Amino acid sequence: MDELALPQPVLHPRYGRLHFAAMGASDLDAVVRIEEAVYSHPWTRGNFQDSLYSGYQAQTLRDGHGELLGYFLVMLAVDEAHLLNISVAALHQHQGLGRLLLDQATAMARQRHMRTMLLEVRESNLHAAKVYRQYGFSEIGRRKNYYPAANQTREGAIVMSLPL
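The notes below deal with the structure included here.

The secondary structure content of the protein amounts to 4 helices and 8 strands. Over its C-alpha trace the protein gives a radius of gyration of 15 Å, about what one expects of a compact globule, namely 15 Å for 164 residues. Taken along the three principal axes of its C-alpha coordinates, the protein extends 40 × 35 × 35 Å. For the protein, the proportion of its 164 residues judged to be buried stands at 42%. Considering only intrachain contacts with a sequence separation of at least 6, the fraction spanning at least 24 residues in the protein is 59%. Between the averaged position of the 16 positive side-chain charges in the protein and that of its 16 negative side-chain charges there is a distance of 6 Å.

Our next topic: the pattern of salt bridges. For the coordinates displayed, the defined rule picks out 8 salt bridges. With a closest N to O distance of 2.6 Å, D29 and R45 form a salt bridge. Note that D29 is positioned in helix 1 (residues 28-38) and R45 in helix 2 (residues 45-53), a separation of 16 residues in sequence. Residue classification places D29 among the partly exposed residues on the basis of a relative accessible area of 45%. A salt bridge links E120 to R143, with the nearest nitrogen and oxygen atoms 3.1 Å apart. Of this pair, E120 sits in strand 6 (residues 116-122) while R143 sits in strand 7 (residues 138-148), placing them 23 residues apart in sequence. By relative accessible area, E120 is classed as buried at 13%. Residue R143 is classed as partly exposed on the basis of its relative accessible area, which comes to 34%. The network of salt bridges with common partners includes E123, R133, E139 and R142.

Take helix 1 next. The α-helix winds at 3.6 residues per turn, so residues separated by three or four positions along the chain end up facing the same way. The complete set of buried residues in helix 1 reads L28, A30, V31, V32, I34 and E35. Looking at the buried positions of helix 1, the neighbouring elements they touch are helix 2, strand 4 (68-77) and strand 5 (80-88).

Aromatic ring pairs are defined here through the distance separating the ring centres and the angle between the ring planes. The tally for this structure, following the rule as stated, stands at 5 aromatic pairs. With a centroid separation of 5.0 Å and 50° between ring planes, the pair formed by W43 and F48 is classed as tilted. By relative accessible area, W43 is classed as partly exposed at 21%. Seen from their ring centres, Y135 and F137 are 6.2 Å apart, and the 35° between their planes marks the pair as tilted. By relative accessible area, which is 16% here, Y135 ends up buried. Owing to a relative accessible area of 3%, F137 belongs among the buried residues under this scheme. Ring-pair connections join several aromatic residues into one group, and the members of that group are W43, F48 and Y71.

Parameters and conventions
- Residues numbered from 1 in each chain as written.
- Predicted model: local features only at pLDDT ≥ 70, side-chain atom pairs only at ≥ 80, totals over all residues.
- Heavy atoms only, no water.
- Helix = DSSP H or I, 4+ residues; strand = E, 2+ residues; numbered from the N terminus.
- Rg over C-alpha atoms; globule rule 2.2 N^0.38 Å.
- Buried < 20%, exposed > 50% of the residue type's maximum accessible area, 1.4 Å probe, protein only.
- Contact = heavy atoms within 4.5 Å.
- Lys, Arg positive; Asp, Glu negative; His and termini not counted.
- Charge placed at Lys NZ, Arg CZ, Asp CG, Glu CD.
- Salt bridge = Lys/Arg side-chain N within 4 Å of Asp/Glu carboxyl O.
- Phe/Tyr/Trp six-rings, centres within 6.5 Å; stacked < 30°, edge-to-face > 60°.

Below is the structure:
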């Protein structure tokens, strides 16, 4: 995997200087802690390891003290970027960090000459779907029984697309 051009530190009104970096194996303990805290059916450590091993683009966002605030993973295929996972630590949500992560993910995809970014979001995750719509994503379809849900059931996904 070649290195992405990472932006200069971002200044945030609450957190000061924020830094993006390529996600590596040494980040996985902190990444999994966030994942388990914010999702009912989180990715496993193995999911993250497999994604890194497969060469998916993965970045972390940390504050000036090194605290992990969020991360994203993107799979690139031909001219399409697929946003597989984007997360902000529970204590730091609703501060604009998700937007910064989306900005970085889309900038990375444009840098790699991708034409479209796709993602899936749980049908019940109305807040995330609203954020994606405000960002410019539009619904292009639904996937029935896509996500695991409570009591051995499944939940549908909204498929969204953003032209780059």
